[in-house]
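# Summary of structural features
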Amino acid sequence: MALKILFWGTPAYAVPTLDTLHKAGHQIVGVVTQPDRRRGRGKQLVASPVKAKAQELGCPVFTPEKIRRDPECQQQLNALDADVSVVVAFGQILPKEILQHPPLGCWNGHGSLLPRWRGAGPIQWSILEGDPETGVGIMAMEEGLDTGPVFLEQRLPIGLLENAHQLGERLSQLTADLMLEAMPAIEAAGPGTEAVRWSRLNVRRQPDQGTYARMLSKEDFQLNWGDSALTTHRKVMGLYPGAVTVWKERRLKVLATEPLIERLKDALSEDARGLVGRWSTGAHSPGQVLHCSGSGLVVSTSGCPILIREAQLEGKARSSGQTLIQQLQAVPGDSIGREANP
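Residues numbered from 1 in each chain as written. Predicted model: local features only at pLDDT ≥ 70, side-chain atom pairs only at ≥ 80, totals over all residues. Heavy atoms only, no water.

Two aromatic rings are characterised by how far apart their centres lie and by the angle between their planes. Tallying each qualifying case throughout the model produces three aromatic pairs. On the basis of an interplanar angle of 80° and a centroid distance of 5.2 Å, the ring pair of Trp8 and Phe90 is categorised as edge-to-face. Of this pair, Trp8 sits in strand E1 (residues 4–9) while Phe90 sits in the loop between strand E6 (84–88) and helix H4 (96–99), and the two are 82 residues apart along the sequence. Judged by its relative accessible area of 0%, Trp8 falls in the buried class. When the ring of Trp107 is compared with that of Phe151, the centres are 6.1 Å apart and the planes differ by 65°; the resulting orientation is edge-to-face. In this pair, Trp107 is assigned in strand E7 (residues 106–110) and Phe151 in strand E9 (residues 150–157), connecting sequence segments 44 residues apart. (Phe/Tyr/Trp six-rings, centres within 6.5 Å; stacked < 30°, edge-to-face > 60°. Helix = DSSP H or I, 4+ residues; strand = E, 2+ residues; numbered from the N terminus. Buried < 20%, exposed > 50% of the residue type's maximum accessible area, 1.4 Å probe, protein only.)

Here it is as structure tokens:
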């Protein structure tokens, strides 16, 4: 049976869930998203990806600046008489008046294995901290930040060479699939008190303790070549495409790397495997270019070296391999890395 759904979301991550629920025949009675923001060099107002998709689907759109402080918008949304609210990366905390209104509750698709990485940036932090796996949880919402009980959950391994964008795309589709799977069960559980509905769904209560993903700062995006190869690699992939360093007084975005570590050899690309073990660990000062080849730049760190496969020099297009070497005019013995603004 089709449900009347009030959808909350903002970034591209949330679009597949909105689209999937709509294609499945559910009635999207309204879409709530963040207001248009000024972006780019021209500072033009740009709609969120969710707003753009909602307009394409012909859904009513609401863009409150702060839903907690907008009782008029709250009343408009409650008047839609949705059966259920679905929330995916909306970007604001919902007030109790909103959470308690739909008879079938408010359900959130969250991109981590709760209680690991509550809050913003779970995808980035799962890579930054070297988690071997992550996943998606469909969680009943309550007033705490990502503290509600989990109904459905599915795990995904994190590949060593997978960046945050690639992992986000996989998690985004999984969120859509799990949310669609959850709807019939949520409908079958029926209305009633939270305790009754959650009992019928056999939800998993979260422990009080969890990990909160802090907001990233400009300093987080700076690469420190005195870190280990693995720490540097995780930063490049987890903060993709924003990790930065300096090359001959110009900002350099580092977009893809491989840590040349023996124990990780099987997870590396074929050409990177051929570079493992060619340089003594810690024998060179951090940030020194050790080798230039068709694979890219091999750079020393505090331990094993790292291969920079792809980067973007300030004012230039992104490039990789031999093209990157030529663009940087790099030779062994060059140094990389000083203070840069991301």
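After that view of the structure, there is still more to cover.
Turning our eyes to something else, we now look at the side chain of Ser85. Considering the arrangement of structural elements, one finds Ser85 in strand E6. A polar contact is formed between the side chain of Ser85 and the side chain of Trp8, at a distance of 3.3 Å. Contact partners of Ser85, with chain neighbours within four places excluded, come to Leu6, Trp8, Pro102, Gly105, Cys106 and Trp107. (Polar contact = N/O pair within 3.5 Å; in protein donor to acceptor, adjacent residues only side chain to side chain. Contact = heavy atoms within 4.5 Å.)

Summarising burial for E7: five of the five residues are buried, a large majority. Residue alternation in E7 divides its side chains into two sets, Cys106, Asn108 and His110 and Trp107 and Gly109, and both sets are buried. Judged from the three bridges that link them, E6 and E7 form a sheet pairing that is parallel. In the sheet register, Ser85 faces E7, and the bridge partner there is Cys106. With four bridges joining them, E7 and strand E8 (residues 133–140) adopt antiparallel strand pairing. Each bridged residue has a counterpart across the sheet, and for His110 the counterpart in E8 is Gly137. (Pairing = 2+ DSSP bridges.)

Positionally, Gly296 belongs in strand E13 (residues 296–299). Under the relative-accessibility criterion, Gly296 is labelled buried at 0%.

In this structure, His101 sits in the loop between H4 and E7. Counting along the chain gives 28 residues from His101 to Glu129, while the straight-line C-alpha distance between them is 38 Å. Among all residues touching His101, those that are not within four sequence positions of it are Asn78 and Asp81.

Moving on to the packing of helix H1 (residues 15–23) against helix H6 (residues 164–189). The geometry of H1 relative to H6 is characterised by a closest axis approach of 8 Å and an angle of 35° between their N-to-C directions. Judged by the sense of rotation from one axis to the other, the crossing of H1 with H6 is right-handed. Residues Pro16, Thr17, Thr20 and Leu21 of H1 pack against Ser172, Gln173, Thr175, Ala176, Met179, Leu180 and Met183 of H6. Split into classes, the residues belonging to the contact of H1 with H6 amount to six nonpolar, five polar and no charged. (Axes fitted to C-alpha atoms, helices over the stretch in contact; angles between N-to-C directions. Left-handed = near helix turned anticlockwise from the far one by under 90°. Nonpolar A, V, L, I, M, F, W, Y, C, P; charged D, E, K, R; others polar.)

Attention now moves to the packing of H1 against helix H2 (residues 49–57). Where H1 contacts H2, the two axes come as close as 9 Å, and the packing angle between them is 20°. When the interaxial angle is binned, H1 and H2 end up roughly parallel. Note on packing geometry: the crossing formed by H1 with H2 is right-handed. Residues Val15, Leu18, Asp19 and His22 of H1 form the contact with H2, whose own contacting residues are Pro49, Val50, Lys53, Ala54 and Leu57. For the contact of H1 with H2, the per-class residue count stands at six nonpolar, one polar and two charged. (Parallel < 35°, antiparallel > 145°, perpendicular 65-115°, else oblique.)

As summarised here, the arrangement of the seven strands in space is E5-E2-E1-E6-E7-E8-E9, forming an open sheet in which the pairing is mixed. Among the strands making up the open sheet, the edge pair consists of strand E5 (61–62) and E9. Sheet analysis places E8 next to E9, joined by seven bridges and oriented antiparallel. Residue pairing for E9: Ile138 is matched across the bridge by Leu152. Set on the sheet, H6 makes contact with E1, E6, E7, E8 and E9; between it and E9 the angle comes to about 155°.

So, on to H6. Compared with the 38 Å implied by 1.5 Å per residue over 26 residues, the 35 Å span of H6 between its first and last C-alpha is a close match. Along its length, H6 shows its largest kink, about 30°, at Met183, and proline Pro184 lies within four residues downstream of that point. Among the residues of H6, the N-terminal cap falls to Asn163, whose side-chain oxygen and the backbone nitrogen of His165 are separated by 3.0 Å. Among the residues trailing H6, Gly190 stands out with phi positive, at a value near 75°. (Expected span 1.5 Å × (residues − 1). Bend = angle between axes of the 7 residues up to and from the residue.)

On the surface, Glu97, Glu142, Glu143 and Glu194 cluster together to form a negatively charged patch. With respect to the helices and strands, Glu142 occurs in the loop between E8 and E9. The class for Glu142 is partly exposed, based on a relative accessible area of 30%. (Patch = residues over 30% accessible without salt bridge, like charges linked within 9 Å, V, L, I, M, F, W, Y side chains within 5 Å. Areas by Shrake-Rupley, 256 points an atom, 1.4 Å probe, with all protein chains shown as cover. Salt bridge = Lys/Arg side-chain N within 4 Å of Asp/Glu carboxyl O. Lys, Arg positive; Asp, Glu negative; His and termini not counted. Charge placed at Lys NZ, Arg CZ, Asp CG, Glu CD.)

As a further point, take unusual backbone geometry. Between Leu114 and Pro115 the backbone carries a cis peptide bond, its omega angle lying at 10°. In this structure, the amide linkage connecting Tyr240 to the following residue, Pro241, adopts the cis form with an omega of 0°. Relative to the helices and strands, Pro241 resides in the loop between helix H8 (229–238) and strand E10 (244–247). With a phi close to 55°, Asp146 is a non-glycine residue in the positive phi region.

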